[in-house]
Amino acid sequence: MDNLKVEYPALIEDIVPEKISYGLLTETVKIVLSKGNSILYLPKMIEIMECALRKNPAADAQELAAQIIVKICRNDNFSVFLDQRQAQNT
């Protein structure tokens, strides 16, 4: 989080931990990463979580992770494109 604070100060200072607790963020990110996603998308994950929690403040880590995965695993996502290309070549 300290490294992100340098590049994305508003995101970290205004959202974490005021709107998203560190515990919920950690739990959600662990789920997202366990599905093969990259930590490079952490700023986007935080944005998606914040939006989802505005709509449903009672959302748990599983629900938030599912929403994040849907949004970052789109076909126009570069890592998704590379994974699909690699799968085609094997």
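A. Geometry of the overall build of the chain. Along its length, the chain carries 6 helices and 0 strands. Walking the chain from its N terminus toward its C terminus, one meets helices and strands in the order α-α-α-α-α-α. Taken over the C-alpha atoms alone, the chain extends approximately 45 × 30 × 20 Å along its principal axes. Out of the 90 residues belonging to the chain, those deemed buried represent 33%. Contacts in the chain between residues at least 24 apart in sequence constitute 59% of all its contacts with a sequence separation of at least 6. Surface exposure of the chain reaches about 6100 Å², of which carbon and sulfur atoms provide 53%. Each charge class in the chain was averaged separately, 10 positive and 12 negative side chains, and the resulting centres sit 6 Å apart.

B. Focus on the pattern of salt bridges. With the rule as written, the count across this model stands at 3 salt bridges. Put simply, Lys19 and Glu50 hold a salt bridge, and the shortest N to O gap is 3.7 Å. A residue pair is termed long-range when its members are at least 10 positions apart, and Lys19 in the loop between α2 (9–15) and α3 (22–34) and Glu50 in helix α4 (residues 42–55) qualify at 31 residues. Residues Lys44 and Glu47 are paired through a salt bridge, measuring 3.9 Å at the closest nitrogen-oxygen approach.

Definitions and cut-offs
Residues numbered from 1 in each chain as written. Predicted model: local features only at pLDDT ≥ 70, side-chain atom pairs only at ≥ 80, totals over all residues. Heavy atoms only, no water. Helix = DSSP H or I, 4+ residues; strand = E, 2+ residues; numbered from the N terminus. Buried < 20%, exposed > 50% of the residue type's maximum accessible area, 1.4 Å probe, protein only. Contact = heavy atoms within 4.5 Å. Areas by Shrake-Rupley, 256 points an atom, 1.4 Å probe, with all protein chains shown as cover. Lys, Arg positive; Asp, Glu negative; His and termini not counted. Charge placed at Lys NZ, Arg CZ, Asp CG, Glu CD. Salt bridge = Lys/Arg side-chain N within 4 Å of Asp/Glu carboxyl O.

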